[in-house]
Amino acid sequence: MKNLTSYLFLMFVAMFWVFRIVVAFCYNLGIDFIIKPADLTFEIILLFLTFVSMLLIIKRSILGALIYLIGNGLYFGTEIFNIITRLGGNVVISDYLNLVVSAIGVILPILVLFDLLLDKNRKAHPVDKKTDWFYKNKEYDRKFDERADRNEYKF
C-alpha cells in the first residue's frame, strides 16, 4: 500500500468497524444508543466477516474487497430498503441516522473495491517520475556508429 487513499480507506473501514462494534455492544447490553442494528446475529457475523476482509484488504486482495462489498451490501442494502419504505409513515431522527450510516456502509466497500482495482492497474503499469524522464525517453538512448567494433572481447 503506497497510496494515501489506500491508507485512508482502510482507516475508514476500521473506524466504521469499531463504530459497528459499539452499536452492537450497546444494543446487546440494552444501553440507549441512537443507532440500532437491524439484526444483531447478522451484525455479529458481519463484524467477523469484516475483520477477515480487512486483513485481506491489507494484503491487497480483491477477494477481501468483494467479501466486504457482498456482506455489507446484503446487510446495509436491505436496511436502506426497509428504511426507505418506512419513510412515508412515522419518521423519527433515528431512521434518518440509520439511513446515513447504512449509506456509508454501502458506499465504503464500493470505494475500497475501486481503490483495489486501480491499485492493480498501477502495479501493472508503474510510473516513476524520478526515472521515467530518462529511461522512457528516446533522446537519451545510446546511438551506435556503424563503423564501431561490435565484438565482445573477453580477457
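One can find the structure itself at the top, above this paragraph.
Positions within a chain are numbered from 1, following the residues in the order the chain's sequence is written. Predicted model: local features are reported for residues with pLDDT of at least 70 only, side-chain atom pairs are reported and counted for 80 or more only, and whole-chain, interface and lining totals are derived from all residues. Each side-chain value is worked out from all heavy atoms of the structure, with water and hydrogens disregarded.

Focus on the environment of L74
A run of DSSP states H or I qualifies as a helix once it reaches four residues; a run of E qualifies as a strand once it reaches two. Both are numbered from the N-terminal end. Along the chain, L74 falls in helix α3 (residues 62-86). Summary of the burial criterion: residues with accessible area below 20% of their type's maximum are buried, those above 50% are exposed, and those between are partly exposed, where the area comes from a 1.4 Å probe applied to protein chains only. Classification of L74 by relative accessible area gives exposed; the value is 51%. For the pair L74 and L46, spaced 28 residues apart in sequence, the C-alpha to C-alpha distance is 9.9 Å.

Describing empty space enclosed by the protein
The distinction between a cavity and a pocket rests on a 1 Å grid over the protein atoms alone: a 1.4 Å probe fits inside a cavity but cannot get out, while a pocket stays open yet meets protein on both sides within 12 Å along at least five of seven lines, and a residue with an atom within 4 Å of a point counts as lining. Grid points are joined across faces, edges and corners, and a volume is the space filled by probe spheres set on the points. A full pass over the atoms with the stated rule returns 2 cavities of 30 Å³ or more. Together, V13, F16, W17, R20, E43, L46, L47, T50, Y68, N72 and F76 line the largest cavity. Contributions of two or more residues to the lining of the largest cavity are made by α1 (4-29), α2 (40-58) and α3. Each residue gets one of three labels, nonpolar for Ala, Val, Leu, Ile, Met, Phe, Trp, Tyr, Cys and Pro, charged for Asp, Glu, Lys and Arg, and polar for the others, Gly among them. The residue inventory of the lining of the largest cavity, partitioned by class, reads 7 nonpolar, 2 polar and 2 charged. Here the second largest cavity is characterised by a volume of approximately 40 Å³. In terms of lining residues, the second largest cavity is bounded by S6, F9, L10, I57, R60, V112, D115 and L116.

Thoughts on the pattern of salt bridges
When a carboxyl oxygen of Asp or Glu lies within 4 Å of a side-chain nitrogen of Lys or Arg, that pair is called a salt bridge. The final tally for this structure, using the stated rule, is 4 salt bridges. One salt bridge connects R60 with D115, and the closest N-O pair in it is separated by 3.3 Å. Here R60 is found in the loop between α2 and α3, whereas its partner D115 is found in helix α4 (residues 93-124), with 55 residues between them in sequence. With respect to burial, R60 and D115 carry one shared label: buried. A salt bridge links D119 to R60; its shortest N-O distance comes to 3.2 Å. Of this pair, D119 sits in helix α4 while R60 sits in the loop between α2 and α3, placing them 59 residues apart in sequence. Within this structure, R60, D115 and D119 form a network of salt bridges that share partners.

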